[in-house]
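# Inside the fold
Spelled out from the first residue to the last, the chains are:
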Amino acid sequence: MIDLDHVSKRYDGRAVVDDLSLTVPDGAFCVLLGPSGCGKSTTLRMINRLVPFDSGIIHIGGEDVRGVSPETLRRRIGYAIQSIGLFPHWSVEDNIATVPRLLNWARNRIRDRVTELLELLRLDPENYRHKYPHQLSGGEQQRVGVARALAADPELLLMDEPFGAVDPITRDALQSEIARIHAATKKTIVFVTHDIEEALRLATVIAILEKGGLAQWGTPLEIVDQPASGFVRDFVGGETAAASNCSGCAGSPSGCGPAKPLRVSPYRPRLRCAMRWPR
Amino acid sequence: MRRFSIITSPALWVGVFFTALLFGMPQLAPAFEWSFPGVSPPVFERGSFFALWLSHAGLVLAASGAATVLGMVLAIFVTRPAGRDFRSLVSTLAAVGQTFPPAAVLALAVPALGFGPRPTIVALFLYGLLPIIENAIAGLEGVPGATREAARGMGLSPWQLLRDVDLPLAAPVILAGVRVSVTIAIGTATIGSTVGALTLGTPIFDGLAGNKLPFVIQGAVLVALFAILTDMLFARLERWLQLPGTQPAV
């Protein structure tokens with residue numbers, strides 16, 4: 001359980017995150033959603049203390065994140081970012097083994113773990129283990145990035161627009177992977193995105209942020225059906241139309257096709273189709 | 001295949017040629033006598049060329065070694081959060097060191113340090129600092145932000161970040177700076193002979209003073225070959241150190 005209690009962050013006197021309180025239950029897939037500059041990324045980075053917060057308190061599993069050194073804290077939390085940040089001079093195996101090595105795991109254990117993770121991410125271990133990041137496609141790099149975040153089996157995974165830089169088809173596949181991994185491992189995931197369809201598809205719970213504060217907190221269905229404010233309604237976009245137009249895929253997610261990237265149109269007929277179904 | 005590439009390496013042949021000239025210059029006396037009749041002796045003989053080269057290389061090694069150590073320390077310092085404010089100051093100071101002509105530094109250093117190798121080392125050190133600092137800063141700052149962010153997010157300590165990420169990724173650019181600095185220092189060290197340091201510049205200045213052109217040629221050719229050879233060896237070092245998945249800097 002992650003507990004943010006009246007947390008604020010100011011840059012040059014301007015509040016980027018303003019008195020934010022929210023509680024992410026264990027095993028949740030929590031998506032922080034909002035437009036650029038709403039503070040969602042800063043919020044995520046405050047959880048593993050990449051950004052120091054000015055006031056408030058953050059607990060993970062009841063433990064104050066400021067109670068341990070930032071390095072110790074971060075080694076217990078998986079972290080994946082948009083531009084992947086793989087170490088270009090390390091092989092896939094070394095990249096994935098980063099945190100286990102920092103934690104001084106035995107060599108055999110690391111090796112087995114890398115094999116296990118490559119299989120989990122559907123990359124052939126013997127083929128990919130010794131490759132370097134520049135030899136991989138964008139989607140493969142992103143898979144390695146996710147594998148690296150999962151390496152030390154953290155209870156909590158932080159993902160900052162991890163699929164933002166890949167093409168729509170690859171993104172769709174990666175979204176399926178992470179949904180599958182979440183279902184299989186029951187890890188708590190906090191996931192930042194500005195893509196409403198991605199959020200609806202993946203989340204068990206969504207926090208919509210506006211100017212550093214919480215605009216709405218709820219399940220994807222609640223967000224879509226009962227937007228708490230004009231801002232949420234506008235951001236989610238033309239929802240009444242969406243509800244009435246979503247007839248073709250009521251039964252299963254497979255009928256929905258791949259999620260489309262964010263569109264500007266106020267009519268978003270496929271919005272609900274994007275949701276993971278049934279939950 | 002690998003052996004073949006060593007045998008055909010230009011560095012090897014430049015090295016062989018350089019060594020042959022270094023030890024065999026006196027044997028070329030008849031050729032110089034024939035080309036420059038009336039110059040006596042035809043080959044510089046106030047000291048062996050090998051001894052001059054040894055002293056020359058020692059000066060460069062001391063000056064460039066010190067410049068590399070200080071340059072790296074300063075560059076690392078100003079690219080850490082604690083030293084960021086000093087970045088422009090350090091760059092400016094290094095640039096001033098570079099704009100001072102080494103000859104002027106020599107003239108100023110002699111009263112303080114006396115004649116001999118010491119003022120030369122000081123001049124070469126100051127002169128060689130800029131390319132090392134500038135390249136080291138550029139290299140360290142060129143490490144992709146996302147890579148450092150990911151490294152920090154996974155719990156690398158600041159020291160591990162420097163050792164495992166920053167330095168390996170910046171190494172090609174840093175080494176390129178050292179290469180430029182050392183190559184320049186080899187050429188510049190010759191003027192140390194004007195203040196009593198023994199270098200391959202000694203025959204050059206002797207020749208200029210005594211109007212003996214062969215001495216100038218002998219010194220100049222050896223210095224040039226030394227500089228070229230060193231540059232080639234650095235190029236090999238760069239290729240050898242090149243990390244998988246990275247591009248050489250030059």
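Residues numbered from 1 in each chain as written. Chains lettered and ligands numbered in written order. Predicted model: local features only at pLDDT ≥ 70, side-chain atom pairs only at ≥ 80, totals over all residues.

To continue, consider the overall build of chain A. For chain A, the count of helices and strands is 12 helices and 10 strands. For chain A, buried positions account for 45% of its 279 residues. When contacts within chain A are restricted to residue pairs at least 6 apart in sequence, those whose partners lie at least 24 apart make up 69%. (Helix = DSSP H or I, 4+ residues; strand = E, 2+ residues; numbered from the N terminus. Buried ≥ 20, exposed ≤ 12 C-beta atoms within 10 Å, placed from the backbone. Contact = placed C-beta atoms within 7 Å.)

A separate point is the sheet that holds strand β6 (residues 77-81) of chain A. Strands pair in a sheet through their backbones, by hydrogen bonds, and they do so in one of two ways: parallel or antiparallel. Residue and element names in this part refer to chain A. Strand order in this open sheet of 6 strands is β6-β7-β8-β3-β9-β10, and the pairing throughout is mixed. Single-partner strands in this sheet number two, and they are β6 and β10 (213-218). Strand-to-strand, the axes of this sheet are offset by a mean angle of 15 degrees, without reference to chain direction. Here strand β3 (residues 29-33) runs beside strand β9 (residues 205-210); their pairing, made up of 4 bridges, is parallel. In the strand pairing of β9, Leu33 is matched with Ile208. Each of β3, β7 (156-160), β8 (188-193) and β9 is contacted by helix α1 (residues 40-47), which is oriented at about 150 degrees to β8, the strand it contacts most. (Pairing = 2+ DSSP bridges. Axes fitted to C-alpha atoms, helices over the stretch in contact; angles between N-to-C directions.)

Residue and element names in this part refer to chain A. Of note in the backbone geometry, Arg122 takes a positive phi value of approximately 60 degrees without being a glycine. Tracing the backbone through its elements, the reader meets Arg122 in the loop between α5 (107-120) and α6 (125-128). Looking at Arg122, the number of C-beta atoms within 10 Å reads 11, which means it is exposed. Backbone geometry places Glu161, a non-glycine residue, at a positive phi of 40 degrees. By secondary structure assignment, the location of Glu161 is in the loop between β7 and α8 (168-185).

Right, let's talk about the sheet that holds strand β1 (residues 2-11) of chain A for a bit. Residues and elements named next belong to chain A. Pairing within the open sheet is antiparallel, and its 4 strands lie in the order β2-β1-β4-β5. Here the strands that pair on one side only, and so sit at the sheet edges, are β2 (14-24) and β5 (63-64). With 7 bridges connecting them, β1 and β2 associate as antiparallel partners. Bridge pairing links Leu4 to Leu22 in β2.

At the junction of the two partners, chain B supplies 17 residues and chain A supplies 19 residues. Among the secondary structure elements, those contributing two or more residues to the side of chain B that touches chain A are α8 (145-153) and α9 (158-188) of chain B. Ranked by residues supplied to the side of chain B that touches chain A, first place goes to α8 of chain B with 6 residues. Along the lines of polarity and charge, the residues of the side of chain B that touches chain A split into 9 nonpolar, 6 polar and 2 charged. (Nonpolar A, V, L, I, M, F, W, Y, C, P; charged D, E, K, R; others polar.)

Our focus in this paragraph is the domain arrangement of chain A. Residues and elements named next belong to chain A. By domain assignment, chain A separates into domain 1 (1-74 + 157-238) and domain 2 (77-154). Measuring from the centre of the C-alpha atoms in domain 1 to the corresponding centre in domain 2 gives 24 Å. If you look at the interface, domain 1 gives 19 residues, while domain 2 gives 17 residues. Breaking the side of domain 1 that touches domain 2 down by element, the ones donating at least two residues are α2 (70-75), β7 and α8. With 6 residues, the single largest contributor to the side of domain 1 that touches domain 2 is α8. A per-class count over the side of domain 1 that touches domain 2 returns 12 nonpolar, 3 polar and 4 charged. (Domains from an automatic or database assignment.)

What follows concerns the nonpolar core. Grouped together as the largest cluster of nonpolar side chains are 132 residues, with contacts concentrated most on Cys30, Val31 and Val190 of chain A together with Leu124 of chain B. If one sorts the elements of this core by residue count, helix α7 (residues 117-141) of chain B sits on top with 14 residues. Looking at which domains feed residues into this core, each of domain 1 (1-74 + 157-238) and domain 2 (77-154) of chain A gives three or more. The contact partners of Cys30 of chain A, leaving out residues within four places of it in the chain, are Val24, Ile189, Val190, Phe191, Ala203, Val205 and Ala207 of chain A. (Core = buried A, V, L, I, M, F, W, Y, C linked by C-beta atoms within 7 Å.)

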